[in-house]
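Fold and geometry: a report
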Amino acid sequence: MTFQRFIPIWTIILLTACSATEKNKDSDDLHFTQYSESVKDTFYIDIQLPKEYQENPDKKYPTVVFVDGNFYFPMMAPILHQYENTGLLEPFIVVGVGYKSFKAMDSLRVRDYLFPKALPSDELKADGGGLNFYNYITKELLPRIDSDFRTDQIDRTLLGHSFGGYFVLFSLLNQSAKQTNDFKYFISASPTLWYNNFYLDKLPERLLTNEKKLGLFLSVGELEDSTWSVDPVKKLTVEFQNKAIRGLDFKSRIYNHLDHMDVAILTFTKGLQELRTSK
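These figures come from a predicted structure and were not determined experimentally.

Section: the overall build of the protein chain
- Each helix and strand counted, the protein chain has nine helices and eight strands in total.
- Within the span of the protein chain, comprising 279 residues, buried residues form 56% of the whole.
- Across the protein chain, every contact between residues at least 6 apart in sequence was considered, and the portion connecting residues at least 24 apart equals 79%.
- Accessible area of the protein chain: about 12,500 Å², with a carbon and sulfur share of 51%.

See below:
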């Protein structure tokens, strides 16, 4: 599913949010490009620091990383600052992983967020570059963020929607298989669970060997397609609940009266609140 058809719905939000992040783009420290050896392409990274960052030179902060950065960073960055101001959330270092343009994001996200290679039944061309993108984030981007900013390196959250939501769950699967600690929390909004014949259905079983404290927040909108979106999330939720995976704080939500593009912002804010208040 692409974003192009949804652009008119969010135009007003994007225009208003962009003005709030324009200051960030004036600073070389808060906006940079990074060529990835893993993906063989350049990514465009936005950073927002906590408002209190300069006032607390000895304090380290949790990191939240958004994929689809061109789309979600301009919206979520001011929201998280406002939540910080009002005490609804703690301060975060916010990272948006994006592309040269919104149009580029709409096509390259298929290359980067999915794994393994698409099946003919998926009716889309995807070479399964999700592992390369995961390696970029964990082996190239996060080390730079940790080097440049005062991060709490054991407190990171990965967030994504749709194909990005799939990537979040794939990252949890891959991290569990490798027994690494790249992310502590995973927030997946309306993931495309149907991809590759429900490849991610194996996730609950694979996590049975987990011995780390992890948090997973999974959501879908009630108005999304029942067969391909709502029912798969319900099924995965039951599997997680039945497994009672040690160390995993699992939460799942079906949002009434919301469709596919309505779910992400609510999921990101509520996911951060609910996972972190129970940590």
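Overview of the sheet that holds strand 3 (residues 61–66)
- Taken in spatial order, the eight strands line up as 1-2-4-3-5-6-7-8 in an open sheet, and their pairing is mixed. The open sheet is flanked by strand 1 (31–36) and strand 8 (248–255), the only strands paired with a single partner. Sheet twist, expressed as the mean angle between neighbouring strand axes with direction ignored, is 20 degrees.
- Packing against the sheet, helix 4 (residues 130–148) makes contact with strand 1, strand 2 (41–48), strand 3, strand 4 (93–98) and strand 5 (151–161), and its axis sits at approximately 135 degrees to strand 1.

As for the packing of helix 3 (residues 102–113) against helix 5 (residues 163–178)
- Between helix 3 and helix 5, the least distance of the axes is 10 Å, while the angle of their chain directions is 20 degrees. Comparing their axes, helix 5 and helix 3 come out roughly parallel. Judged by the twist between their axes, the crossing of helix 3 over helix 5 is left-handed. Residues Arg-109, Val-110, Asp-112 and Tyr-113 of helix 3 form the contact with helix 5, whose own contacting residues are Phe-163, Gly-164, Tyr-166 and Phe-167.

Digging into the environment of Ser-252
- Its location among the elements puts Ser-252 in strand 8.
- As for Ser-252 and Ala-189, which are separated by 63 residues in sequence, their C-alpha atoms are 9.9 Å apart.
- With residues up to four places along the chain from it excluded, the contact list for Ser-252 reads Leu-218, Val-233 and Thr-237.
- Looking at Ser-252, its side chain comes within polar contact range of the side chain of Thr-237, at 2.7 Å.

Here we look at helix 2 (residues 69–86)
- Counted at 1.5 Å a residue, the expected span for helix 2 with its 18 residues is 26 Å, and the 24 Å between its end C-alpha atoms agrees.
- At Met-76, helix 2 shows its strongest bend, of approximately 30 degrees, with the proline Pro-78 following within four residues.
- Turning to helix 2, its buried residues number three or more, namely Gly-69, Asn-70, Phe-71, Tyr-72, Phe-73, Pro-74, Met-75, Met-76, Ala-77, Leu-80, His-81 and Glu-84.
- Looking one or two residues past helix 2, Gly-87 carries a phi angle of roughly 80 degrees, positive in sign.

Points about helix 8 (residues 226–243)
- Between the first and last C-alpha of helix 8 there are 24 Å, a value that for 18 residues agrees with the 26 Å anticipated at 1.5 Å per step.
- Remark: the principal bend of helix 8, roughly 25 degrees, maps to Pro-232.
- Considered for burial, the residues of helix 8 that qualify are Ser-229, Val-230, Pro-232, Val-233, Leu-236, Thr-237 and Phe-240.
- For helix 8, the secondary structure elements touched by its buried residues are helix 5, helix 6 (195–198), helix 7 (203–206), strand 7 (214–221) and strand 8.
- Of the residues flanking the start of helix 8, the one acting as N-cap is Asp-225, its side-chain oxygen 3.0 Å from the backbone nitrogen of Thr-227.
- Just downstream of helix 8 lies Ala-244, where phi reads positive at about 50 degrees.

Quick word on the confidence of the model for the protein chain
- Per-residue pLDDT for the protein chain averages 90, and the proportion of residues at 70 or more is 89%.
- Confidence over residues 1–28 falls short of pLDDT 50; this stretch has 38 contacts with residues more than four positions distant or in other chains.

Reading guide: rules and limits
Residues numbered from 1 in each chain as written. Predicted model: local features only at pLDDT ≥ 70, side-chain atom pairs only at ≥ 80, totals over all residues. Heavy atoms only, no water. Helix = DSSP H or I, 4+ residues; strand = E, 2+ residues; numbered from the N terminus. Buried < 20%, exposed > 50% of the residue type's maximum accessible area, 1.4 Å probe, protein only. Contact = heavy atoms within 4.5 Å. Areas by Shrake-Rupley, 256 points an atom, 1.4 Å probe, with all protein chains shown as cover. Pairing = 2+ DSSP bridges. Axes fitted to C-alpha atoms, helices over the stretch in contact; angles between N-to-C directions. Parallel < 35°, antiparallel > 145°, perpendicular 65-115°, else oblique. Left-handed = near helix turned anticlockwise from the far one by under 90°. Polar contact = N/O pair within 3.5 Å; in protein donor to acceptor, adjacent residues only side chain to side chain. Expected span 1.5 Å × (residues − 1). Bend = angle between axes of the 7 residues up to and from the residue. pLDDT = per-residue confidence, 0-100.

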